[in-house]
Amino acid sequence: ETELPRSGPGKQGVLADIITDAMLDATKAMGSTVALMNSGGIRSALNAGVISYGDAISVQPFNNTLVVLDLTGAELEETLSSGVLFVSQGSSFRLSNGKATEILISGQKLEPSKTYRCTFNSFVANGGDGLTVVKNATGKRTDTGLLDIDALIEYLKKNSPLKKKAEGRIK
């Protein structure tokens, strides 16, 4: 019953955990192993108590679709080094001096030559926040047509009451 505040760049909190987990939950059937969300895409806190559609849309107001994209480990490392992304459950990294290190994807150490199926919102997938690595990636790319807000609402319905403790996915 506590407010879930917005998360800032490099400081992933409970709300970012929930949003990235919702994105992954919505696309894991397509083989996605990690979801990444830009910090600027979370526009407000989520108030305590019953969550209305209006509450949810104030958090994610842009009607981005979810895009599933194959990246190499090297591309994923460079993308995480931007410092503007949050990651879904099972994944984590350390951010220091503009470089992502100690990267785990689905609990496994990142391998630069391996291909990872990732979920992004369409803003990031199209190079938003300066993420040209994601925009220019040549791996398989599928725009699911599923709105990020719909993925969030479905996740909230399935996982209520919400957990209240951040997992420390970014160190």
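On a predicted model such as this, the values are computed, not experimentally measured, just so you know.

Draft legend 1. Broad picture of the sheet that holds strand 2 (residues 65-72). Ordered by their spatial adjacency, 5 strands build an open sheet running 3-1-7-2-8, and the pairing between neighbours is mixed. The open sheet has two free edges, formed respectively by strand 3 (85-87) and strand 8 (141-147), since each of these has just one partner strand. The sheet shows a mean angle of 30 degrees between the axes of neighbouring strands, taken without regard to direction. The pairing of strand 1 (residues 34-38) with strand 3 spans 3 bridges and is classified as antiparallel. For Met-37, the partnering residue across the bridge sits in strand 3 and is Phe-86. Along the sheet face, helix 1 (residues 14-27) touches strand 1, strand 2, strand 3, strand 7 (115-121) and strand 8 and points at about 135 degrees away from the line of strand 1. Sheet strands touched by helix 6 (residues 148-158): strand 2, strand 7 and strand 8. Its angle to strand 8, the strand with the most contacts, is close to 65 degrees.

Draft legend 2. A look at the pattern of salt bridges. If you walk through the whole model with that rule in mind, you get 8 salt bridges. Arg-169 is paired through a salt bridge with Asp-21; the nearest N and O atoms lie 3.0 Å apart. Taken as a pair, Arg-169 in the segment after helix 6 and Asp-21 in helix 1 lie far apart in primary sequence, 148 residues in all. Given the relative accessible area of 5%, Asp-21 is considered buried. Three or more residues are tied together by salt bridges with common partners; here these are Asp-17, Asp-21, Glu-167 and Arg-169.

Draft legend 3. Just the packing of helix 1 against helix 6, in detail. Relative to each other, helix 1 and helix 6 sit at 100 degrees, their axes nearing to 8 Å. Here helix 1 lies roughly perpendicular to helix 6, going by the angle between them. Packed against helix 1, whose contacting residues are Ile-18, Ile-19, Asp-21, Ala-22, Asp-25 and Ala-26, the element helix 6 presents Ala-151, Leu-152, Tyr-155, Leu-156 and Lys-158 at the interface. Among the residues making up the contact of helix 1 with helix 6, the classes are represented as 8 nonpolar, no polar and 3 charged.

About the thresholds
- Within every chain, residues take consecutive numbers counted from 1 along the sequence as written.
- The model is predicted, so local features are restricted to residues of pLDDT at least 70 and side-chain atom pairs to those at 80 or more, both for listing and for counting; the totals for chains, interfaces and linings are taken over all residues.
- With hydrogens and water excluded, all non-hydrogen atoms of the structure serve as input to the side-chain values.
- Two strands are counted as paired when DSSP detects at least two bridges linking them.
- Numbering goes from the N terminus for both helices and strands, where a helix is a DSSP run of H or I of at least four residues and a strand is a run of E of at least two.
- Between N-to-C directions, angles span 0 to 180 degrees; the directions come from axes that are lines fitted to C-alpha atoms, helices contributing only their stretch in contact.
- Whether two residues are in contact is decided by their heavy atoms: any pair within 4.5 Å suffices.
- What makes a salt bridge here is a side-chain nitrogen of Lys or Arg within 4 Å of a carboxyl oxygen of Asp or Glu, nothing more.
- Buried means the residue's accessible area, taken with a 1.4 Å probe over protein chains only, is under 20% of the maximum for its type, while exposed means over 50%, and partly exposed covers the values in between.
- Reported orientations rely on four angle classes, namely roughly parallel under 35 degrees, roughly antiparallel over 145, roughly perpendicular from 65 to 115, and oblique for the rest.
- Residues were grouped as follows: Ala, Val, Leu, Ile, Met, Phe, Trp, Tyr, Cys and Pro as nonpolar; Asp, Glu, Lys and Arg as charged; and all remaining residues, including Gly, as polar.

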